[in-house]
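Spelled out, the chains give:
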Amino acid sequence: MMTKRSRVSRRIFLGGGIGVAGLASNLLALSADSKGAYASSAISNMLDITDISNNASAIAASFAGLPFMGTIDPKVNGFDPMAILTAFDVGKVSKLPSGQTLREYTFTAINKTILVAPDKPFAALAYNGLVPGPTLRATQGDHIRITFINRSDTAHSMHFNGIHAGSVDGLIESVAPGTQMVYEFDAQPFGLHLYQGFTLPLTTHMFKGLYGTFIVDPPQPRPQALELFMTLNGFVLASDGQNAKPGSSSATASSSKLSQDANNGPPDSNNVYAVNTVAYHFIKNPIAIPVNKLVRVYLVNVTEFDALNSFHVHGTLLNIYRTGTSLQPDETNNTIMLAPGQRAILEFSFKTAGQYMFHAYQGEYADLGYMGIFDVK
Ligand SMILES: [Cu+2]
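Reading the values: the criteria
- Residues numbered from 1 in each chain as written.
- Predicted model: local features only at pLDDT ≥ 70, side-chain atom pairs only at ≥ 80, totals over all residues.
- Helix = DSSP H or I, 4+ residues; strand = E, 2+ residues; numbered from the N terminus.
- Buried ≥ 20, exposed ≤ 12 C-beta atoms within 10 Å, placed from the backbone.
- Contact = placed C-beta atoms within 7 Å.
- Pairing = 2+ DSSP bridges.
- Axes fitted to C-alpha atoms, helices over the stretch in contact; angles between N-to-C directions.
- Core = buried A, V, L, I, M, F, W, Y, C linked by C-beta atoms within 7 Å.
- Domains from an automatic or database assignment.
- pLDDT = per-residue confidence, 0-100.

Participant: I'd like to hear about the overall build of the chain, residue by residue, with values.
Facilitator: A tally of helices and strands in the chain yields nine helices and 21 strands. Buried residues in the chain amount to 37% of all 377 residues. Sequence separation of at least 24 residues holds for 74% of the intrachain contacts in the chain that already meet a minimum separation of 6.

As structure tokens, this is what we get:
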């Protein structure tokens, strides 16, 4: 219920109604007299917010000067960060003689140059042409069968998080280019798990894009919600020579970058940060959310070269389920820090229509591509 006091402050924020400019200048004068310069600058910040608070395209325009701001046609990469939000791959489903549910998947690793920002190609290694790889979805106790085909130019294995035998852990064998291997295990425990390529050095294999997420639902499903999948990732742009045509299968360009990395040692800092691979995609394309709708974000951090990444949201609080392995939240906060490989399920809703930002609390990452908008209607 809206109180009288909140109606007043809302009028100030929205800038509607009669005599707002006069009201604001009265407030400025009042606060300058009674509370000093700090209060007066706080009011003027509120008025800045007023100008853009109800218009997503105006928000996008206000960030136009940042590097990497611009639109990438999803056809160029062959995947769409917006579609990745809700693309849950349940596999080819059947029943084993025991009655256990079987989910079968085929993963093919390829070299592929993608755009991570306008005019910023990145020589990726990708499962099924996707960065991140497909988001697997199973229920605790299902049997998972993965056929992994390596059509890239270097050897890899596949390694899954979760509880399983060492023989299917993907760390010992290496699948040579042009060959394949089958991994089988049961989906356990329920939670939010990663899978990744495993070949040393990891910085020039896994972190080229050979990572994805494996969601295991609890036996009793979580409450109905708008479910969104977000990968926090970063990219080291090549300093030279990485000019392969985006979207092409470019073994040659990738090979030269890999050997370049091998010669120079691993790169040590990201130039671009993103949610689902493309810088600022969700500034240019805000995520639509109904008012009061329960939202559940499956959030994973695969950022390399930084000790922490984070997720911070405006205008609401998050119930945080670390690793998704419990049905009770671990904390309620508007910010969560995640080390590399850490992940969490976030539940939240917005009580009021409007545009609400989410971004890294590390300002550097926000300035280099990791910001987005929830457009609540
Ligand atoms: Cu913020």
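Participant: Just give me the short version of the environment of I336, but keep the residues and values in it.
Facilitator: With respect to the helices and strands, the residue I336 is situated in strand β18 (residues 335-338). By the C-beta count within 10 Å, which is 21 here, I336 ends up buried. Sequence separation of I336 and L318 is 18 residues, and the distance between their C-alpha atoms is 8.8 Å. Each residue touching I336, except ones within four places of it in the same chain, is listed here: S310, F311, L318, I320 and A344.

Participant: Before we move on, could you go through the sheet that holds strand β19 (residues 343-348) and cite the residues and values that matter?
Facilitator: Spatially, the six strands line up as an open sheet ordered β12-β11-β14-β19-β16-β17, and their pairing is mixed. Among the strands making up the open sheet, the edge pair consists of β12 (272-275) and β17 (331-333). The average undirected angle you get between the axes of adjacent strands in this sheet is 25 degrees. Relative to β12, strand β11 (residues 226-235) runs antiparallel, the two sharing four bridges. What sits directly across from G234, in β12, is Y273.

Participant: Describe the pairing of β19, listing the residues and the values that go with them.
Facilitator: Counting buried positions along β19 gives five out of six residues, so the element sits mostly inside the fold. The pairing of strand β14 (residues 295-301) with β19 spans six bridges and is antiparallel. Pairing of Y298 across the sheet is with I345, part of β19.

Participant: Report on the environment of L368, specifying residues and quantitative values.
Facilitator: Turning to its location among the elements, L368 is positioned in the loop between α9 (363-367) and β21 (371-376). Sequence separation of L368 and A274 is 94 residues, and the distance between their C-alpha atoms is 8.1 Å. The residues contacting L368, other than those within four sequence positions of it, are P67, F68, N271, V272 and Y273.

Participant: I'd like a description of the nonpolar core, backed by residues and values.
Facilitator: Formed by 84 residues in total, the largest nonpolar core has its most connected members in V116, V272, A279 and L346. At six residues, strand β4 (residues 120-127) tops the list of elements feeding residues into this core. The residue makeup of this core includes at least three contributed by each of domain 2 (61-70 + 233-241 + 263-376) and domain 3 (81-222). Excluding its chain neighbours within four sequence positions, the residues that come into contact with V116 are F122, F235, V272, A274, T277, V278 and A279.

Participant: A description of the sheet that holds strand β5 (residues 135-139) should follow, citing residues and the corresponding values.
Facilitator: As summarised here, the arrangement of the five strands in space is β1-β5-β10-β9-β7, forming an open sheet in which the pairing is mixed. Each end of this open sheet is capped by a strand with a single partner; those strands are β1 (88-89) and β7 (158-160). In terms of strand pairing, β7 meets strand β9 (residues 191-197) through three bridges, oriented antiparallel. Looking at β9, one finds that F160 is bridged to Y195.

Participant: Can you lay out the pairing of strand β3 (residues 101-117) for me, pointing to particular residues and giving the numbers?
Facilitator: Note: strand β2 (residues 92-95) against β3, four bridges, orientation antiparallel. Note that in β3 the partner of K92 across the bridge is E104. In sequence, β2 turns back onto β3 through a hairpin of five residues, with G99 there showing a positive phi of about 95 degrees. Both β3 and strand β6 (residues 143-150) contribute to a ladder of eight bridges, which runs parallel. Within β6, the position partnered with R103 by the bridge is I144. The pairing of β3 with β4 spans eight bridges and is antiparallel. Bridge assignment links N111 to a residue of β4, and that residue is L125. Hairpin connection from β3 to β4: two residues lie between these consecutive antiparallel strands, with D119 at a positive phi of about 65 degrees.

Participant: Pulling in residues and values, what's your account of unusual backbone geometry?
Facilitator: Residues V131 and P132 are joined by a peptide bond in cis, for which omega reads -5 degrees. By the element assignment, P132 lies in the loop between β4 and β5. The omega torsion of the bond from Q188 to P189 falls at -5 degrees, within 30 degrees of zero and hence cis. Here P189 is to be found in the loop between β8 (180-186) and β9.

Participant: Any chance you could break down the confidence of the model for the chain for me, citing the residues and the numbers?
Facilitator: With 76% of its residues at a pLDDT of 70 or more, the chain has an overall mean of 81. Counted against residues more than four places away or in other chains, residues 1-53, with its pLDDT under 50, gives 27 contacts. Contacts of residues 240-265 to residues separated by more than four positions or lying in other chains number 46 contacts, the stretch itself having pLDDT below 50.

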